[in-house]
Amino acid sequence: MNGPLSQPLNGDDRCEVAIIGAGIAGMYAVYSCGMGGLDSILVEATETPGGQCMALYAEKALYGVPGQYGERAGNFAEKMSNECLQYARRTYLGCFVDEIERTEETDEFLIRFKDQATGHIHVVSAKHLIIATGVGRMTPCVPSAMSGLEHIDPRSDFVQYYRMQRDFYTGKVVVIVGGGDSAADCAMMAADAARSVVLMHKKPKLVCEAAKIAQIERLQQSSKLSIALNYQIVEIREADSKRLIVARNAEEMDITIEVDHVVFCCGFVVNNGMLAMFRNLGLEIEDNLIKIDINTMATSVKNCYAVGDVVTYANKKKSIVPCLFEADRAVRIIRNARIRSFQ
Ligand SMILES: Cc1cc2nc3c(=O)[nH]c(=O)nc-3n(C[C@H](O)[C@H](O)[C@H](O)COP(=O)(O)OP(=O)(O)OC[C@H]3O[C@@H](n4cnc5c(N)ncnc54)[C@H](O)[C@@H]3O)c2cc1C
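Note that the structure is predicted; figures quoted are calculated from it, not measured.

With that settled, consider the site of the ligand. The local shell around the ligand holds 37 residues, among which G21, G23, G51, G134 and G308 are the closest. Contributions of two or more residues to the shell around the ligand are made by helix 1 (24-35), helix 2 (51-55), strand 4 (95-103), strand 7 (137-140) and helix 8 (320-342). Along the lines of polarity and charge, the residues of the shell around the ligand split into 20 nonpolar, 12 polar and 5 charged.

Here it is as structure tokens:
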């Protein structure tokens, strides 16, 4: 095929193995490439590696992962990313892959993605492709009635999503939005370091674990944090270098608050709109998942492998340990093929 991606663009990169998705499967594929001496690059749609573990259930205790019993999924994902990503020659975060093409002439894949922060479009070429896109892109939820977000520079740190980094909050004025466990965890962490923290929830009650509610109430009594229930953000804007949010309560009364950061912890929408891209590439799809050969993790397209929750085969289990096995196996097959080609 000789499609539009065959036209070279600025900033192109070339690698032996391109891995799409920095969930558990993709991160372990990077690690395995490092161990096998393969040059890899990793492309991830969100700003934070870790996939579902980080985005969907960071506070939940893990099960079924040997040696990690009771570990919080977010901690596990962070430790994995620290360990694994050092082996990628380059990791592109905040970059959503929206086009993949295979060129018969060079026997390579061309992978196109846009950097959400800069708008720059990259096209990377790779000998081998590992698709580890799991459940798809996870987009953070924001209040549906809120206006103004589109005018905020995505590179500014005004608007954040589920940020669990104590240092980030030091000395800052912060509004944390949400009433579940992730909002509670964020608020408690921020209360320890920030100048002031408001935990804002649109409902009359928080919906997190009882122990967390008790802890939040204690922080409220010691004036380290305030709770604004029945409030919803309706507008967000920057004016005269001030960062402002407008929140409306159940009686339709508005208050404007000047903040350093607003942190949305309202969950994520999962969108697996990539089937068309997979089909265009020629991948065999079953039940909206990529069919692979379990012996090799190979897809129906030459030199293209798929691992983790995006794949289907008989008795496939969607959990962490199979992701590790599948990623390791795909890389082993690529490495062995390379060794054979040198013999
Ligand atoms: C609530 C819940 C609890 C769970 N608890 C456990 C548990 O206790 N133990 C266990 O073993 N398993 C558990 N699982 C299952 C486990 O989390 C998954 O099997 C595993 O995380 C899948 O990893 P993955 O890498 O295949 O996919 P994902 O984690 O979905 O990662 C895919 C990554 O690819 C990125 N991506 C997608 N499309 C693109 C694109 N086009 N371009 C660039 N990047 C892209 C996404 O942003 C994401 O980061 C749980 C799952 C859920 C939902």
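To summarise the sheet geometry, strands pair through backbone hydrogen bonds and adopt either a parallel or an antiparallel arrangement. Read across the open sheet, the 5 strands follow the order 8-15-9-10-11; overall the sheet is parallel. At either margin of the open sheet sits one strand with a lone partner, and together these are strand 8 (159-161) and strand 11 (226-229). Neighbouring strand axes in the sheet, compared pairwise and without regard to direction, differ in orientation by 20° on average. Pairing of strand 8 with strand 15 (residues 261-264) involves 3 bridges; the strand directions are parallel.

Next up on the list: the confidence of the model for the protein chain. Confidence in the prediction for the protein chain averages 91 pLDDT; 96% of positions are at 70 or higher. Contacts of residues 1-11 to residues separated by more than four positions or lying in other chains number 17 contacts, the stretch itself having pLDDT below 50.

Below, the discussion takes up the nonpolar core. If you look at the biggest cluster of nonpolar residues, it comprises 98 residues, and the most contacted ones within it are A18, A29, I111, I176, A187 and V307. Top element by residues in this core is helix 1. It accounts for 8 residues. The residues that make up this core include at least three from each of domain 1 (4-138 + 269-342) and domain 2 (142-266).

Where helix 1 meets helix 3 (residues 73-84), the closest approach of the two axes is 9 Å, and the angle between their N-to-C directions is 25°. The orientation of helix 1 with respect to helix 3, classified from their angle, is roughly parallel. At the point where helix 1 passes helix 3, the crossing takes the left-handed sense. In this structure, helix 1 uses I24, M27, Y28, V30 and Y31 to contact helix 3, whose residues at the interface are M80, S81, E83 and C84. Class assignment of the residues belonging to the contact of helix 1 with helix 3 gives a composition of 7 nonpolar, 1 polar and 1 charged.

This part covers the sheet that holds strand 20 (residues 311-312). As summarised here, the arrangement of the 3 strands in space is 17-18-20, forming an open sheet in which the pairing is mixed. Single-partner strands in this sheet number two, and they are strand 17 (285-286) and strand 20. Bridging between strand 17 and strand 18 (residues 289-291) involves 2 bridges; their strand directions are antiparallel. Note on strand 18: the bridge partner recorded for E286 is L289.

Looking now at the pairing of strand 6 (residues 121-131). Across 7 bridges, strand 1 (residues 13-20) lies against strand 6 in parallel orientation. Counted as the bridge partner of V17 is H128 from strand 6. Strand direction decides the pairing type here: strand 5 (residues 108-115) and strand 6, joined by 6 bridges, are antiparallel. Residue pairing in the sheet places F109 in a bridge with A126 of strand 6. What sits between the antiparallel neighbours strand 5 and strand 6 is a turn of 5 residues, in which G119 has the positive phi angle 80°. Note that strand 6 and strand 19 (residues 304-306) share 3 bridges and pair parallel. Its bridge partner lying in strand 19, L129 is registered against C304.

Domain boundaries assigned for the protein chain yield domain 1 (4-138 + 269-342) and domain 2 (142-266). Here the C-alpha centre of domain 2 lies 33 Å away from the C-alpha centre of domain 1. Residue composition of the side of domain 1 that touches domain 2, grouped by class: 2 nonpolar, 2 polar and 1 charged.

Attention now moves to the packing of helix 5 (residues 181-193) against helix 6 (residues 210-221). Two numbers describe how helix 5 lies on helix 6: the axes approach to 10 Å, and their chain directions differ by 35°. Seen along the crossing, helix 5 lies across helix 6 with a hand that is left-handed. Contacts between helix 5 and helix 6 involve D181, A184, A187, M188 and A191 from the former and K212, Q215, I216 and L219 from the latter. Of the residues in the contact of helix 5 with helix 6, the class split is 6 nonpolar, 1 polar and 2 charged.

All right, on to unusual backbone geometry then. In this model, S223 sits at a positive phi of 60°, which is unusual for a non-glycine residue. As for its placement among the helices and strands, S223 is situated in the loop between helix 6 and strand 11. Positioned with a positive phi, N230 is a non-glycine residue whose angle comes to about 65°. For N230, the position within the fold is in the loop between strand 11 and strand 12 (231-239).

Between the first and last C-alpha of helix 5 there are 19 Å, a value that for 13 residues agrees with the 18 Å anticipated at 1.5 Å per step. For helix 5, the complete set of buried residues consists of S182, A183, A184, D185, C186, A187, A190 and A191. Tucked inside the fold, the buried residues of helix 5 contact helix 4 (166-169), strand 9 (173-177), strand 10 (196-201), helix 6 and strand 15.

Our focus in this paragraph is the environment of F264. Its place among the elements puts F264 in strand 15. Residue classification places F264 among the buried positions, given that 24 C-beta atoms sit within 10 Å. Along the primary structure F264 and D293 are separated by 29 residues, whereas in three dimensions their C-alpha atoms are 40 Å apart. Aside from chain neighbours lying at most four places away, what touches F264 is P140, V142, Y161, V177 and G178.

Procedures and definitions
Numbers given for residues are sequential positions, taken from 1 along each chain in its written order. Selection of residues for local features in this predicted model requires a pLDDT of at least 70, selection of side-chain atom pairs for listing and counting requires 80 or more, and totals for whole chains, interfaces and linings are taken over all residues. What makes a residue near a molecule or strand is its C-beta atom, placed from the backbone, lying within 6 Å of it. Counting from the N terminus, the helices are DSSP H or I runs at least four residues long and the strands are E runs at least two residues long. When residue character is reported, Ala, Val, Leu, Ile, Met, Phe, Trp, Tyr, Cys and Pro are called nonpolar, Asp, Glu, Lys and Arg charged, and the others, Gly included, polar. Two strands qualify as a pair provided DSSP detects at least 2 bridges between them. Under this scheme, a helix contributes an axis fitted over its contacting stretch, all axes are lines through C-alpha atoms, and angles between N-to-C directions fall in the 0 to 180 degree range. The predictor rates its confidence in each residue with pLDDT, a number between 0 and 100. A pair of residues counts as a contact when their C-beta atoms, built from backbone coordinates, are separated by no more than 7 Å. Structurally, a nonpolar core is described as a collection of buried Ala, Val, Leu, Ile, Met, Phe, Trp, Tyr and Cys residues joined by way of C-beta atoms within 7 Å. Burial in this document is a count-based property: other C-beta atoms within 10 Å of a residue's C-beta are tallied, and the residue is buried at 20 or more, exposed at 12 or fewer, or partly exposed in between, with C-beta positions derived from the backbone. An automatic or database domain assignment supplies the start and end points of every domain. What sets the label is the angle itself: under 35 degrees gives roughly parallel, over 145 gives roughly antiparallel, 65 to 115 gives roughly perpendicular, and the rest give oblique. Here a crossing is taken to be left-handed if its near helix is turned anticlockwise relative to the far helix by less than a right angle, and right-handed if that turn runs clockwise. Here the expected length of a helix is defined as 1.5 Å per residue gap, with one fewer gap than residues.

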